[in-house]
Amino acid sequence: MRILVGSFHFYLISFLLSRANGFLTLRTPAYVFPFYNYSYLNLSSLSEAQAPKTARALNFSHNIIEKITRRDLEGFDVLEVLDLSYNRIKDIEPGAFETLLSLISVNLSFNDKKLLVSGLPPHLKLLPSSKASGSLQLYEYFEKSSEAALESSASAEELPRSGGPSVLQNVNSRLRRSTGNLLPRAEKNVTVSPTATSGPDFCTAPINGVLNLSHSKLSEEELTLKLDPDLCQVQLDSTLELDISHSDLEMDLLSLFILFLPMKNVQSIDASYNKLTINILDVEAICKFPFSKLWFLNISNNPINSLDTLCLPSTIKVIDLSFTNVSQIPPNFAKKMFNLEHMYVQGNHFIYTVRPDAVPTVPPGTVRINAISLVRNQAGTPIESLPKRVKYLKMSNCSIVELPEWFVGTMEELIFLDLSSNWISVLPDLPTSLQHLDISNSDIKIIPPRFKSLSNLTIFNIQNNKITAMHPEYFPSTLTKCDISKNKLNMLLLTDAPGKLEYLNVSGNLITRLEPGSHLSALATLDSSHNLISELPDHFGKSLPMLKYFNLSGNKISFLQRGSLPASLVELDISDNAITTIVEDTFGQLTSLSVLSTQGKHFFCNCDLYWFTNVYIHDPRVQIIGKENLRCSFPPDRRGSLVGSSNLTLLRCSLGIQMAITACAAILVVLTFTGLCWRFDGLWYVRMGWYWCMAKRKQYEKRPENKPFDAFISYSEQDANWTKENLLRKLETDGFKICYHERDFKPGHPILGNIFYCIENSHKVLFVLSPSFVNSCWCQYELYFAEHRVLNENQDSLIMIVLEDLPPNSVPQKFSKLRKLLKRKTYLKWSPEEHKQKMFWHQLAAVLKTTNEPLVRAQNGPAQDVYEME
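Residues numbered from 1 in each chain as written. Predicted model: local features only at pLDDT ≥ 70, side-chain atom pairs only at ≥ 80, totals over all residues. Heavy atoms only, no water.

What counts here: UniProt positions are given in the numbering used here, feature names are shortened, and annotations may be inferred rather than shown by experiment.
You'll find the protein entered in an unreviewed UniProt entry as Toll-like receptor 2, with Strix occidentalis caurina given as the organism. In its Sequence similarities (unreviewed entry) section, the UniProt entry covering the protein states "Belongs to the Toll-like receptor family." On record in UniProt, under Function (unreviewed entry), the comment for the protein is "Cooperates with LY96 to mediate the innate immune response to bacterial lipoproteins and other microbial cell wall components. Cooperates with TLR1 or TLR6 to mediate the innate immune response to bacterial lipoproteins or lipopeptides. Acts via MYD88 and TRAF6, leading to NF-kappa-B activation, cytokine secretion and the inflammatory response."

Here it is as structure tokens:
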């Protein structure tokens, strides 16, 4: 008999539930075998169910019935199967079964141990039960097997066959499959108890409350065995979560949930990625389940196709209907699932259709359209109802064109709304309770002023639309995160942006310039990558004092100036720009920066990049992403080479070091030159150079035509007495007019000027040579300028008088001109001998009276009175 109950339970799954006086029953058309299920209803008597007298199968299992009376079973003339198992039956009134002439089987197993049955009808006999069964007493038709009984019953009474085989045949076939799995063929007609069979081997024990049957490829019959309450009630009672996903299970939802009825404590069911379908007939009137703890249901990725006849426990708070091929949400959905708080229906295709009779009549030859997508149906939208308590609603990728008019007034508790990847072209009216809105991947072109009325909105995602202008003044003041990337913005003005904004993504637009506001003190993340930005304002960094994550990649920035980046940055991406250099003046201020992403091939590999390649790139506090792929574009000989191989040294690129080295070299040169000057009378040469320049300038002045002096005497101070007492007195006595510096130099005039004056205004220049002469700088100056005059006038006016002998090595190197003159000119020599003095004075007077001859003619004196120095 227990085998028949198992097959009966399988069969119950394929039938619809009906309501009779508030209890759960089975209702089928007239041609269907009339089964009625009153299990799990806490019934205390059979009459309490008020079952129809035409029933041929009744299931009263799993109730609290304690007694069976004759009155309970009166009138059930066609009853064939009666299941009274899992009750508390202690007493059966004698003769209670005598009137049930059509009865084939009765199941009284799992009742009181002291239960005794008497007064059985003649066609029913008591089968011997297993000793292990204890209190289980199973009554069956004894003359035939249960299969034969059902077959004979089916053949005795022919039922209408409109549309399919008889139910009895279905029961019979299911019975064969289940008994074949449960017992060997020899045990089919004996009493069976759970401990006497291999049933527990089919049960799967939950782990930490989770019964995992996913990816098991179970058939309907195999799943029925694993959820059989007769065999696995202990395991089912301890199940909190059931996972039968990815099993290719082929059932309708109603049959599946009938299998779940023994799981009293289940809270979550995942039946996704199967082949579940919706029940065909509508059972809304009697759709009630005894579940009290079930709150989560995932039936996504199943071919459900429609929600019109959906029958699920009303306790569900979270449901996933994603990718179930539903085309609308029917009007009764909100009434059925009134406790729903989270609803996911993404990946479906909501159809907007018109009724065929609403299409106007057109002339022949015109194409008629009876059903057209994206046109309003009679209700105005395929979303005809939604539970009022829904807080999280995800309807992405559902071909939605617009929301119904009742949406804003009904969904007053809605917090999260995902409308992404739809065909919405106008931002709809939304409830003010909304905190998260995702309407990306649509066709919206403007953000209207009424958008500001969403006073609780904190997250707004509108990426990949067609927004051309952003008006921050239309944004709610509570907004903290906004994604408006991949639109058509050409300017970003944040002067009126919400002060609480923490995240802003404007990447993938046509923005050429960023103009931040002065009050964006909360903005921590800004993504402006893949735009047309060429520069950042120098006050940009001060405008965003809390910015931590900044993405500037994919723009046209060539240089980041000081102050353009906030010092608070933690991550910065400047990849794929036209940046030529990274300088310390800008990046050295970013003390909080930990990640820098930089990729590009426009770097100038000159000394401006020295700090980045030699200092910043080795900073352990900063992770530089892409540093291995940076390439040079300048200088031309390094174009395309890696920045890291530029070999920019400190000596080459540090101006300070270069200046220090230059200064040191200059000091060394000066010291060397000073030493050489000191060693080789360099100071004298310097002064001589200066005086020579003055002499060169002097030559352009007008020279006197009538010189007032016959001669200018150049001598050393040590020779002043001889010069004054002998030479000057003798020459002036002989009538010569002599220029003598102690007498004829003009007071107050520079000495150099007086020397120039005396040399220029004298016909001859007398040089009194002695060892003291060659040690006198002024004497050398006078000799130098006199020689300059000779060269300038091309007239030899120099007269050399040797007062004392000059050894060959006594003339210093700086008197090089004197050396040359003594070697090539004839000179007069003073002698202390009196007879030679007369010759000296005679020759000197004769020379002074001669005119200056051209320099090309040689002058030679008497050989006996002069000699030449070797």
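### Some remarks on the state of the cysteines
How we decide: What counts as a disulfide here is a pair of cysteine sulfur atoms lying within 2.5 Å. For helices the rule is a DSSP run of H or I covering at least 4 residues; for strands it is a run of E covering at least 2, with both sets numbered from the N terminus onward. Only protein chains enter the calculation, and the probe is 1.4 Å; a residue is then buried if its accessible area is under 20% of its type maximum, exposed if over 50%, and partly exposed in between.
Taken as a whole and assessed by the stated rule, the structure comprises four disulfides. There is a disulfide in this structure between Cys287 and Cys311, and the S-S distance comes to 2.0 Å. Here Cys287 and Cys311 share a disulfide; its torsion about the S-S bond, 110°, makes the bridge right-handed. Taken together, the positions of Cys287 in the loop between strand 13 (268–270) and strand 14 (296–298) and Cys311 in the loop between strand 14 and strand 15 (318–320) put the pair 24 residues apart, joining distant regions of the chain. What makes Cys311 buried here is its relative accessible area of 1%. Each disulfide pairs two cysteine sulfurs, and for Cys605 the partner residue is Cys632, the sulfurs being separated by 1.7 Å. Taking the sign of the S-S torsion, -85° for the link of Cys605 and Cys632, the bridge is left-handed.

### Observations concerning helix 5 (residues 229–237)
The test is simple: Any N or O atom pair separated by 3.5 Å or less is treated as a polar contact, with the protein-specific requirement of one donor-capable and one acceptor-capable atom, and with residues adjacent in sequence counted only for side-chain atom pairs.
Of the residues making up helix 5, those classed as buried are Pro229, Asp230, Leu231, Cys232, Gln233 and Leu236. For helix 5, the capping residue at the N-terminal end is Asp228, with a side-chain oxygen 3.0 Å from the backbone nitrogen of Asp230.

### With respect to helix 21 (residues 834–849)
Put simply, the rule reads: Here the expected length of a helix is defined as 1.5 Å per residue gap, with one fewer gap than residues. In what follows, a contact means two residues having at least one pair of non-hydrogen atoms within 4.5 Å.
Counted at 1.5 Å a residue, the expected span for helix 21 with its 16 residues is 22 Å, and the 23 Å between its end C-alpha atoms agrees. Contacts from the buried residues of helix 21 go to strand 32 (709–714), helix 15 (720–733), strand 34 (762–769), strand 36 (798–802) and strand 37 (828–829).

### Some words on the packing of aromatic side chains
Convention followed: Think of it this way: a Phe, Tyr or Trp ring, Trp meaning its six-membered ring, pairs with another when their centres are within 6.5 Å, and the plane angle makes it stacked under 30 degrees, edge-to-face over 60, tilted otherwise.
Following the criterion strictly, the structure yields 23 aromatic pairs and no others. Seen in terms of ring centroids, Phe257 and Phe291 are 6.4 Å apart; in terms of plane orientation they differ by 85°. Their pairing is edge-to-face. Within this pair, whereas Phe257 is found in helix 6 (residues 253–259), its partner Phe291 is found in the loop between strand 13 and strand 14, the two being separated by 34 residues in sequence. Residue classification places Phe291 among the buried positions, given a relative accessible area of 7%. Seen in terms of ring centroids, Phe767 and Phe773 are 6.2 Å apart; in terms of plane orientation they differ by 85°. Their pairing is edge-to-face.

### Quick word on the nonpolar core
Quick note on the threshold: Definition of nonpolar core: a set of buried residues of the types Ala, Val, Leu, Ile, Met, Phe, Trp, Tyr and Cys, connected through side-chain atoms within 4.5 Å.
Counting 131 residues, the largest nonpolar core has Phe260, Phe550 and Phe587 as the members making the most contacts within it. When residues of this core are traced back to their parent elements, those giving at least two are helix 5, helix 6 and helix 11 (610–614). Take this core: its biggest share by element is six residues, from helix 6. Setting aside residues no more than four positions away along its own chain, Phe587 makes contact with Leu560, Leu565, Leu572, Ile574, Ile582, Leu596, Trp611 and Tyr616.

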